[in-house]
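# Structural overview for review
Each chain, letter by letter, is given below.
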Amino acid sequence: MVASDKPEPEVEPDDQRQETDKDLRITFDDGEHPEPRRGRRAENGGSIFRGWSQQRDGSRGSSRSRQRATDAPYAGYQIEHRTLSIHVSESHPSAQACQQLNVSADTGLSNDVAAMRLECDGKNILPQPKTNYLRKILGYIFGGFCSVLWVGVVVFFICWKPLSKPESPTNLALAILILIVIFLQAAFNAFSDWSTSRTMKSITDLLPSKTHVMRDGQVYVLPSCDLVAGDIVRLTVGGKVPADVRIIQHSGDIRFDKSMLTGESEEVVGTVDVTDPNFLESRNIALMGSMVVNGEGVGLVILTGGRTVMGRIAQAMSDVKEMPTLIQREIWRFVRIIVCMTILLATIIAVTWTAWLRTDHRGFMNVVGMLNNVMGCVVAFIPEGMPIGVSLTLLMVARRMKAVDILPKGLSTVEPLGCVNVICSDKTGTLTQNLMSVSSISFADAPASTEQVRQSIAGGNAGQAMSMLHRASTLCNDATFDASTLQLPVKERAVNRNATDAAVLRFVAECNPRDQSQLCPEIPRAHSIPFNFRNKWMLTMFLNQAQSEKQRDTYQVYMKGAPDVLFPACTHFWSGKTNSVLPLDDEIRSALKATQDSLSRNAERVIMLCEKTVTPSSMPGTNAFSEEVASSALESLTIVGIFGIIDPPRPEAVTTVAQARRAGVRFMMVTGDYSLTAAAIAKNIGIFARDARPDLVDAMRANHDVSAEKLRLERGEDSGRALIVEGKEVLGLSSDDWDLVCEYEEVVFAHTTPEQKLRIVNEFRQRDNAVAVTGDGVNDAPALRAADVGVAIVSGSDVAIDASDLVLLDKSDSIIDAIRLGRLVFQNLQKVIAYLLSAGSWSEIWPVLVNVFFGVPLPLSAFLMIVICVFTDLFLSLSLIMEKAEFDLLSLPPRNHKKDHLITGRIYGQAYLFTGTMETIVAHSMFFLYYWRHARIPVKDLFFLYEGYKDGFHGYTLDQLNAFNYTGQCVYFVALVILQWGNILAIRNRRLSIVQADPFTKARRNPWLLLSVLISLVIAIFVTEVPGLHMLFLTAPVPIEFWLIPIPLALGILLMDELRKLLVRLYPSGPVAWAAW
């Protein structure tokens, strides 16, 4: 496009700007809307619209400015009642709309004017909701487990004063300690939220939204945030509308998906003319955030940022409550169980004291002692470190995904990946490279080699049929070479637009590489209909250049698309033998169908070129003209020729399919290609792995021996069958048919539409399959959104990326890494929970029960319980987050998300009955051993002692007995800390021996494990050996022998678990294996 000679637009005067603002205000009206004002009809002509496809893409850096959305001249609006109505002078023709915003539709704004408006209006970004920091802080301090801990604070303060006489500094210190724990947890939760939001923001920043903008007569690719009112932008299929835009030109079939704003799934047809006075209803307005699902157009930006409809909705939706994710529901399910058990035990202790101990053993336990035991029960049973561990686990795995070029759009996406058992993958751009090239050419009655066509056209001796083929290939094409790469060889040039058009464009350029002028014909397009996934064809239309009056109003039409769609509408063909147009007979139809099938079996995509001459009755540029052309497109076509286009598979495609099958995940292809082409590609990349011919739907129905159960058994025996389903058959399948289809091992869905892809995904999900969908095009968006996990390619359309849960930045085989990491996060979470339950719950609650019901001096104080739960165990459990997979996780079958919960009875059995019971017995044994060795008090004298533990017992004073008890409690504490070292070495491997997967060798090296062990040891020494804590928390130094004795006992716990694992490996069907977690 040549820059206009018109003077550069200037910034409009304030009085004119204010007058314009009146047309751009938003009000909420309660009454009926006025009738729209009628203006002259805008033209859909070709000058601007064609110029976009010929214009060289430029680049421009974004300028920074402060955001002052509320002070912008377009920001005024008044909210009165209910109905949103934005009047933008939409009844004016497009030229007058451009005049109001002082912009030329031919050249756009100047860069200087755009910069001034950006400075004045602010960035084109949605307003971020104001954070209620007070509410957040209160949530951190009082939310979750902290609410229970606050009860402990209150109880310990009451026990300090007034219940204790004299006042008990220990209870005061415990209250202060729990306050410190609360604020530490709150600080960590705040840091976790900040870190998570920063990670998600970095992911969002890696996927910036770009827009083609006309400035100074040149087309620039700019960030959408730099748009200003008055910019002329291009809207293309698969893209997101970057602002509230007034349509000034379109291809005749442009459609928008406004479901994000309106909630209605029906697509809206765009027009140039006003259709409704309501801004939301008028079809000449494209709202920010809506998707272009078909066609293309040129628009005038009228509202940006917070002044758009989406911006106002965002401001109104600032307090939307997020729904809990699957993993959050699993965690809270576990927490509810633990809390209920805690309340039950605390109630039992309180009732036991009230009904029995208070009367029968009055001197044994006073109110303060009972409350301390109750709070000890609460602290013991609730794993305070679990929410921190879960959040860190998800965050760390999300970062691992990012390191292998996988961007999860939310932490909730990470864990469901481990459940995926079906992948429905698009073909083009996902399994293939989307680098297409013309490999075969044929006329209807004669094949022609590509080299023959190139030589004939380059030598100027091409016949009429070959010339028409070259002309149709050139004119029925939306692709253009990037101007900055024109000096390169044809195969190395960058091409704008889709891969099919790019392949044909390169072929045309190779026919005459010295004369590139023919690639940008001077004949303007009168009309065009871009390719879409429903029609499966594109159309271009040119005014006939003949001089006779008879042909002055005729148009030459060229069409390109799928043979299955165009072939039935053809009546004639260009003969490569006679170089003339001949009637299409059955013989030629059969020959052409055989040629199509032959190319398809070679994995070539077949494209048909057609032409015809038409004389429309409607006025060019009107909606009636567009509708007439579209409705009569598939009539009286003349076949020009067919192309066979090769799209080579991605190098990693074969490995991806094989790895998915090894992981127990069925890999399906869902494509719009012809069935033979799809089957050939499926064979090449391993989706069809067997030599047997795939079943067809009719054969499947006719075979009464086939049942869903039989197909399921065959899959389990690795002898599953293959099936090809045509898109036209999808909607006709009954529920019984789908039961069979969903049990096939290998399935290819060919010639499908977006609606059929969505139906396929929903049918698989309804049969308890966890479905992942991969795709990159706008046609994949509905299926991506409906899937359990939607996976988009970063090079794909904005629609696909917006609908997805994961974005692959590099190779498509990254989805296998994502599945593996999804399984890893689930296993690591189970390890964290199993570890915390052993000592932090089971081994801590038994001292309270032994004290209350058996009269034994309390083996473990509430202070030491808090230290284990919040400090020593927490650091060790966090080291499990960094664990690598102990074996190939892809060798496991996918997890059933409806049956396999995060916390299972087997995990409770491992933590409580196996490891927890051993730790409880050993720790109590150490407690009683200390009494025997240092006080010579046998175990039998400590049971049922109750109030007998007083001055004179075994000849000791009360102070001496208390000293023995304080030291014994620290012995119990040290024993648990050291025993947990053996537990963590055992629990980090569920199946493998420590010899096979030690924490020192490279394969499973975990330096965080050794560091956490060292930290827990330092904490234990600090708690027991610092004199200041002895008086405050009633601790005491532990004799050296009780630091050493638990070490071999911790190894004993490890050896017992090693024996359990050995029995599981030797007898995989035995009772131990059945009970193994």
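Residues numbered from 1 in each chain as written. Predicted model: local features only at pLDDT ≥ 70, side-chain atom pairs only at ≥ 80, totals over all residues. Heavy atoms only, no water.

Right, let's get into the layout of surface pockets. Roughly 1200 Å³ of volume is contained in the second largest pocket. Lining of the second largest pocket is provided by 41 residues; of these, Gly369, Asn372, Asn962, Asn965 and Tyr966 occupy positions nearest its centre. For the lining of the second largest pocket, the elements supplying multiple residues, two or more each, are helix 7 (169–205), helix 11 (367–381), helix 28 (814–854), helix 29 (862–881) and helix 32 (958–987). Taken together, the residues of the lining of the second largest pocket break down into 21 nonpolar, 16 polar and four charged. (1 Å grid on protein atoms, 1.4 Å probe; cavity = no way out; pocket = protein on both sides within 12 Å on 5 of 7 lines; lining within 4 Å. Points joined across faces, edges and corners; volume = space filled by probe spheres on them. Helix = DSSP H or I, 4+ residues; strand = E, 2+ residues; numbered from the N terminus. Nonpolar A, V, L, I, M, F, W, Y, C, P; charged D, E, K, R; others polar.)

In the predicted model, the chain carries a mean pLDDT of 81, and the fraction of residues at 70 or more is 85%. Per-element averaging of pLDDT across the chain places strand 3 (residues 77–78) at the bottom with 33 and helix 35 (residues 1041–1044) at the top with 96. The low-confidence segment residues 1–51, where pLDDT is below 50, has 129 contacts with residues more than four positions distant or belonging to other chains. The model gives residues 53–92 a pLDDT under 50, and that stretch makes 132 contacts with residues more than four places away or in other chains. (pLDDT = per-residue confidence, 0-100. Contact = heavy atoms within 4.5 Å.)

So, on to the environment of glutamate 1041. On the secondary structure map, glutamate 1041 appears in helix 35. Between the alpha carbons of glutamate 1041 and tyrosine 930 there is a distance of 9.8 Å; along the sequence they are 111 residues apart. Excluding residues that lie within four positions of it along the chain, glutamate 1041 makes contacts with Arg933, His934 and Pro1046.

A separate point is the packing of aromatic side chains. Enumeration over the complete set of coordinates arrives at 25 aromatic pairs. Three or more aromatic residues joined by ring pairs form one cluster here, namely Phe854, Phe927, Phe928, Tyr930, Tyr931, Phe943, Phe944, Tyr949, Phe953, Tyr956, Phe964 and Phe1042. The ring of phenylalanine 481 is capped by arginine 493, whose NZ or CZ atom sits 4.8 Å from the centre of that ring. Directly above the aromatic system of phenylalanine 567 lies the positively charged group of arginine 589, at a separation of 5.5 Å from the ring centroid. (Phe/Tyr/Trp six-rings, centres within 6.5 Å; stacked < 30°, edge-to-face > 60°. Lys NZ or Arg CZ within 6 Å of the ring centre and 35° of its normal.)

The omega angle of the peptide bond from lysine 161 to proline 162 is 20°, so this bond is cis rather than trans. Structurally, proline 162 is set in helix 6 (residues 146–163). If you check the backbone angles, aspartate 216 has positive phi at about 55° while not being a glycine. Note that aspartate 216 resides in the loop between strand 5 (210–215) and strand 6 (218–223). Of note, tyrosine 946 is a non-glycine position whose phi angle comes to about 50°, a positive value.

It is worth spelling out the state of the cysteines at this point. Evaluated as defined, the whole model comprises zero disulfides. As a non-bridged cysteine, cysteine 742 has cysteine 424 as the owner of its nearest cysteine sulfur, 8.9 Å distant. (Disulfide = S-S within 2.5 Å.)

Three- or four-residue spacings in an α-helix give side chains the same orientation, since the helix completes a turn every 3.6 residues. For helix 18 (residues 623–631), the full list of buried residues reads Phe625, Ser626 and Val629. End-on view of helix 18: buried residues confined to an arc of 100°, all on one side of the axis. Exposed positions of helix 18 whose direction lies more than 90 degrees from the buried face are Glu627 and Ser631. Residues of helix 18 that are buried make contact with strand 20 (525–529) and strand 21 (537–543). (Buried < 20%, exposed > 50% of the residue type's maximum accessible area, 1.4 Å probe, protein only. Arc of directions from axis to C-beta.)

With that settled, the discussion passes to a nonpolar patch on the surface. Side chains of Met1056, Leu1059, Leu1062, Leu1063, Leu1066, Tyr1067 and Val1072 sit close together on the surface and give an oily, nonpolar patch of about 610 Å² of accessible area. Among the elements that take part in the nonpolar patch, helix 36 (residues 1046–1066) stands out by supplying five residues, more than any other. Position of methionine 1056 relative to the elements: it lies in helix 36. (Patch = residues over 30% accessible without salt bridge, like charges linked within 9 Å, V, L, I, M, F, W, Y side chains within 5 Å. Areas by Shrake-Rupley, 256 points an atom, 1.4 Å probe, with all protein chains shown as cover. Salt bridge = Lys/Arg side-chain N within 4 Å of Asp/Glu carboxyl O.)

Take the side chain of aspartate 673 next. In this structure, aspartate 673 sits in the loop between strand 27 (666–670) and helix 20 (675–685). By relative accessible area, aspartate 673 is classed as buried at 6%. Here aspartate 673 is in contact with Lys427, Arg605, Ala750 and His751, once residues within four sequence places are set aside.

Turning our eyes to something else, we now look at the packing of helix 14 (residues 464–475) against helix 15 (residues 499–511). Axis separation between helix 14 and helix 15 bottoms out at 9 Å; the angle between their running directions is 130°. Classed by the angle they form, the pair helix 14 and helix 15 counts as oblique. Here the hand of the crossing between helix 14 and helix 15 comes out left-handed. Contacts between helix 14 and helix 15 involve His470, Ser473 and Thr474 from the first element and Val504, Val508 and Cys511 from the second. (Axes fitted to C-alpha atoms, helices over the stretch in contact; angles between N-to-C directions. Parallel < 35°, antiparallel > 145°, perpendicular 65-115°, else oblique. Left-handed = near helix turned anticlockwise from the far one by under 90°.)

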